[in-house]
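# Residue-level structural notes
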Amino acid sequence: MTQTFVDAAGLAQIDRDRSAVIAEAEGRAALQVLEKLGDDDWERPTDCVEWDVRTLVSHLVAQCEDNISLRTMLRREIAGRRRHRSKGPIDAHMAAQVEDHTGASGPGLVAEFAELWPRAVQARRSRPGLMRRANLDTGMPSAPRVSVGHLLDTIYNRDLWMHRIDLARATGQTITIGDHDGQIVEQAIRDLA
């Protein structure tokens, strides 16, 4: 048996078209987990120590809203920095996302996610090249800057994938693996390299 190794740093960054296909598959996989959530699941703790299941799902809905509307994203960015000065920029933004959904029911959030995810995928895919080439500071110490395109094509898919696993673990669901899972993991390994 001959083994072949690939230099992880040499893996190609995923493009926007392939990212959309992966995002659609991950959205369907996440929805399968979300639709199985019962009344007793919403207050269960998750691996995200500040969030229970309902809070995590509200973050997923808010991510969709941010992807669809740059105005909403900017509003939350400003609100997060004003209200949560002790948090880093990413955590402050996510806190503002969650605050926007404090009154929503769990099943209502699942319905919103089902409606918004396909629109969010299309919105990310259609962002213009000039915007996609801009670089962002991640707000994490010693982490490199990333392009908006990388955020749109790789990080958002990874975020949903990780949270799907968080939700399944928190609620005792079996994690279903599809072809797209390997592509998400491959991009994570590429980034680590």
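Here we summarise the structure given alongside this text. Please read these numbers as outputs of a predicted model, since none were measured by experiment. (Residues numbered from 1 in each chain as written. Predicted model: local features only at pLDDT ≥ 70, side-chain atom pairs only at ≥ 80, totals over all residues. Heavy atoms only, no water.)

### A look at the overall build of the protein chain
In plain terms, the rule: Runs of E in the DSSP output that reach at least two residues are strands. Runs of H or I that reach at least four are helices, and both are numbered from the N terminus. Computation of the radius of gyration draws on C-alpha atoms, with the globule rule given as 2.2 Å multiplied by the number of residues to the power 0.38. A 1.4 Å probe rolled over the protein chains alone gives each residue an accessible area, and that area as a share of the maximum for its type sets the label: buried under 20%, exposed over 50%, partly exposed in between.
Looking only at helices and strands, the protein chain has eight helices and two strands in total. Counting from the amino terminus, helix and strand elements in the protein chain follow one another as α-α-α-α-α-α-β-β-α-α. Its C-alpha atoms give the protein chain a radius of gyration of 17 Å, near enough to 16 Å, the size a compact globule of 193 residues would have. For the protein chain, the residues scored as buried account for 45% of the 193 residues in total.

### Describing the environment of phenylalanine 113
So the rule is basically this: Contacts: residue pairs with any heavy atoms within 4.5 Å of one another.
Relative to the assigned elements, phenylalanine 113 resides in helix 5 (residues 106-125). Along the sequence, phenylalanine 113 and alanine 62 sit 51 residues apart, while their C-alpha atoms lie 8.8 Å from each other. In contact with phenylalanine 113, not counting residues within four places along its chain, are Gly27, Ala30, Leu31, Leu34, Leu60, Val61, Cys64, Pro118 and Leu160.

### Looking at the packing of helix 5 against helix 7 (residues 148-171)
For clarity, the threshold we go by: Structural elements are reduced to axes, namely lines fitted to C-alpha atoms, with helices fitted over the stretch in contact, and the angle between N-to-C directions of any two is expressed from 0 to 180 degrees. Put simply, angles under 35 degrees are roughly parallel, angles over 145 are roughly antiparallel, angles from 65 to 115 are roughly perpendicular, and the rest are oblique. Left-handed describes a crossing whose near helix is turned anticlockwise from the far helix by less than a right angle; the clockwise case is right-handed. Side-chain classes follow a simple rule in which Ala, Val, Leu, Ile, Met, Phe, Trp, Tyr, Cys and Pro form the nonpolar group, Asp, Glu, Lys and Arg form the charged group, and the remainder, Gly included, forms the polar group.
Where helix 5 contacts helix 7, the two axes come as close as 11 Å, and the packing angle between them is 160°. As the angle between them shows, helix 5 and helix 7 are arranged roughly antiparallel. Note on packing geometry: the crossing formed by helix 5 with helix 7 is left-handed. Each of Phe113, Trp117 and Arg124 in helix 5 lies in contact with helix 7, whose residues at this interface are Leu152, Tyr156, Asn157 and Leu160. Residue composition of the contact of helix 5 with helix 7, by class: five nonpolar, one polar and one charged.

### Section: the nonpolar core
Condition: In these notes, a set of buried Ala, Val, Leu, Ile, Met, Phe, Trp, Tyr and Cys residues joined through side-chain atoms within 4.5 Å is what counts as a nonpolar core.
If you look at the biggest cluster of nonpolar residues, it comprises 27 residues, and the most contacted ones within it are Leu34, Val53, Val57, Phe113, Trp117 and Leu167. Contributing elements (two or more residues each) for this core: helix 1 (16-34), helix 2 (53-68), helix 4 (89-99), helix 5 and helix 7. For this core, the leading source of residues is helix 5, giving seven residues. Residue contacts for valine 57: discarding those within four places in its chain leaves Leu34, Leu37, Trp42, Leu109 and Leu167.

### Notes on the packing of helix 1 against helix 7
Axis separation between helix 1 and helix 7 bottoms out at 10 Å; the angle between their running directions is 15°. The pairing of helix 1 with helix 7 is recorded here as roughly parallel in orientation. Judged by the twist between their axes, the crossing of helix 1 over helix 7 is left-handed. On the side of helix 1, the interface is formed by Arg16, Ser19, Ile22, Ala23, Glu26, Gly27, Ala29, Ala30, Val33 and Leu34, while helix 7 contributes Leu152, Asp153, Asn157, Leu160, Trp161, Arg164, Leu167 and Ala168.

### Notes on the side chain of aspartate 166
Quick note on the threshold: By the counting rule applied here, Lys and Arg register as positive and Asp and Glu as negative, while His and the ends of each chain are not counted. The term salt bridge refers to a side-chain nitrogen of Lys or Arg lying within 4 Å of a carboxyl oxygen of Asp or Glu.
Position of aspartate 166 relative to the elements: it lies in helix 7. The buried charged residue aspartate 166 lacks any salt bridge partner; its closest oppositely charged side chain belongs to arginine 169, at an N-O distance of 5.6 Å. With near-sequence residues (within four places) excluded, aspartate 166 lies in contact with Asp47, Cys48 and Leu56.

### Topic: the side chain of glutamine 97
Within the secondary structure, glutamine 97 is located in helix 4. Leaving out residues up to four positions away in the same chain, glutamine 97 has contacts with His59, Ala62, Gln63, Asp66 and Arg76.

### Some points on helix 2
Keep this limit in mind: A helix is expected to span 1.5 Å for every residue after the first. What qualifies as a polar contact is a pair of N or O atoms within 3.5 Å, subject to a donor-acceptor requirement within protein and to the restriction that residues adjacent in sequence count only when both atoms come from side chains.
Given a rise of 1.5 Å per residue, 16 residues ought to cover 22 Å, and the 23 Å separating the end C-alpha atoms of helix 2 matches this to within 8%. The element helix 2 is extensively covered by neighbouring structure, given that 15 of its 16 residues are classed as buried. Where helix 2 begins, one side-chain oxygen reaches toward the backbone nitrogen of arginine 54, 3.3 Å away; that side chain belongs to aspartate 52.

### A few points about the pattern of salt bridges
Here the structure, examined in full by the defined rule, presents 16 salt bridges. Aspartate 41 is the partner of arginine 44 in a salt bridge, and the nearest nitrogen-oxygen pair spans 2.7 Å. Here glutamate 115 ties to arginine 119 by a salt bridge, and the two come within 3.8 Å at their closest N and O atoms. In this pair, glutamate 115 and arginine 119 both sit in helix 5, four residues apart, roughly one turn of the helix. The exposure class assigned to arginine 119 is partly exposed, which follows from its relative accessible area of 42%. If you follow the salt bridges from partner to partner, you end up with Glu65, Asp66, Arg75, Arg76 and Asp100 in one network.

The values reported here are purely geometric and, on their own, carry no functional implication.
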